[in-house]
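A closer look at the structure
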Amino acid sequence: MQFLISGREVLEQNKDFKLVGRDNDLKRLSSVLMRTKAASVILVGPGGVGVTALCMGLQAAKEDPNVAFDIVSKRLFWLKTDELFGQGNMEAINKGFTSVLNILKRTPDSILVIEDTRDFIEASRNNGCSHFINSLNAVVKNGESQVILEAKDQDLDMIFAAHSDMRQCYTLIDISEPFGNDLKEIVKTNAASLELHHGIRIEPDAID
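Worth saying up front: this structure is predicted, and the values here are computed from it rather than measured.

Parameters at a glance
Residues numbered from 1 in each chain as written. Predicted model: local features only at pLDDT ≥ 70, side-chain atom pairs only at ≥ 80, totals over all residues. Heavy atoms only, no water. Helix = DSSP H or I, 4+ residues; strand = E, 2+ residues; numbered from the N terminus. Buried < 20%, exposed > 50% of the residue type's maximum accessible area, 1.4 Å probe, protein only. Pairing = 2+ DSSP bridges. Axes fitted to C-alpha atoms, helices over the stretch in contact; angles between N-to-C directions. Contact = heavy atoms within 4.5 Å. Core = buried A, V, L, I, M, F, W, Y, C linked by side-chain atoms within 4.5 Å.

Side note on unusual backbone geometry
Backbone geometry places Ala38, a non-glycine residue, at a positive phi of 45 degrees. Within the secondary structure, Ala38 is located in the loop between helix H2 (23-33) and strand E2 (40-45). Ala38 sits in the partly exposed class, given a relative accessible area of 28%. Positive phi is not limited to glycine here, since Asp109 has a value of about 60 degrees. Summarising the element assignment, Asp109 is placed in the loop between helix H6 (90-106) and strand E4 (110-114).

Focus on the sheet that holds strand E1 (residues 4-6)
The strand order across the open sheet built from 6 strands is E1-E3-E4-E5-E2-E6, with neighbouring strands paired in mixed fashion. Edge positions in the sheet fall to E1 and strand E6 (170-174), since each of these pairs with one other strand and no more. Sheet twist, expressed as the mean angle between neighbouring strand axes with direction ignored, is 25 degrees.

Observations regarding the side chain of Gln59
With respect to the helices and strands, Gln59 occurs in helix H3 (residues 51-61). Residue classification places Gln59 among the buried positions, given a relative accessible area of 7%. Ignoring sequence-local partners within four residues, the contact set of Gln59 consists of Gly7, Arg8, Leu11, Leu76 and Trp78.

Observations regarding the nonpolar core
If you look at the biggest cluster of nonpolar residues, it comprises 35 residues, and the most contacted ones within it are Phe120, Leu136 and Tyr170. For this core, the leading source of residues is H6, giving 6 residues. Apart from the residues within four sequence positions on either side, Tyr170 is in contact with Ser40, Val41, Ile42, Leu136, Asn137, Val140, Val147 and Leu149. By size, the runner-up hydrophobic cluster in this structure holds 23 residues, among which are Val32, Leu43, Val51 and Cys55.

By themselves, these figures tell us nothing about what the structure is for.
Below is the structure:
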C-alpha cells in the first residue's frame, strides 16, 4: 500500500483527535455511504470548517458499538497524493495509481479519501494522467469501491467540470460553519486543551 494510508494509521498519527459538534454531519455522511446508488461523496465546505476532521470522525466512529454495521465494515484509505505524483515519471505514476485501484477493488467495502481534490485533478492533468478521474469514476460506477472527495467551495465548479459523470457518481454534502450548541461544544473542548497547554483557566463567560 505504497500510496495509501489506512484509516487506523491516520488516527494513530492523530492520537488526540476527537470529532466534536458534528454529529448531524456525520449521520448525513454515513447515510449516503450506506446507499446502493450515488454512494460516493463530494464533501465540500469553506477552508477550516472541518471537512477533513469529518472523515477522520467517520473512521473513529467505527469503534462505536452503536454505529451501524454497514459503517463498521467500511475500510477507509487515504490517498498519499503528494507521494504519488512526486515521482515525476508518468509511467511510475500510472503504475502507482493502478496499484491503488487494484487494492481498493480487492478490499471489500473500501472507501478512498482524497483530501484535496483540486490538487489531485490538477496534478493528474499536469502529469499527463487526466484519465485518472475516468478510472476513479469507473470504479465507483461498477460498485468496486466508494470515494470521498474533499473540496473547498470555490473548487466545486472545477471538480464538476473534470468529468461528465461527476454529478451522477457522487452525492454532494455541503458542510457549513458550526453554530449554536454545536459551536459551543467545539469551543468548550478546545478551551480545555488550551487551559492545559497554557496553564490558565478559561471562564464560562469567555467561552460564551
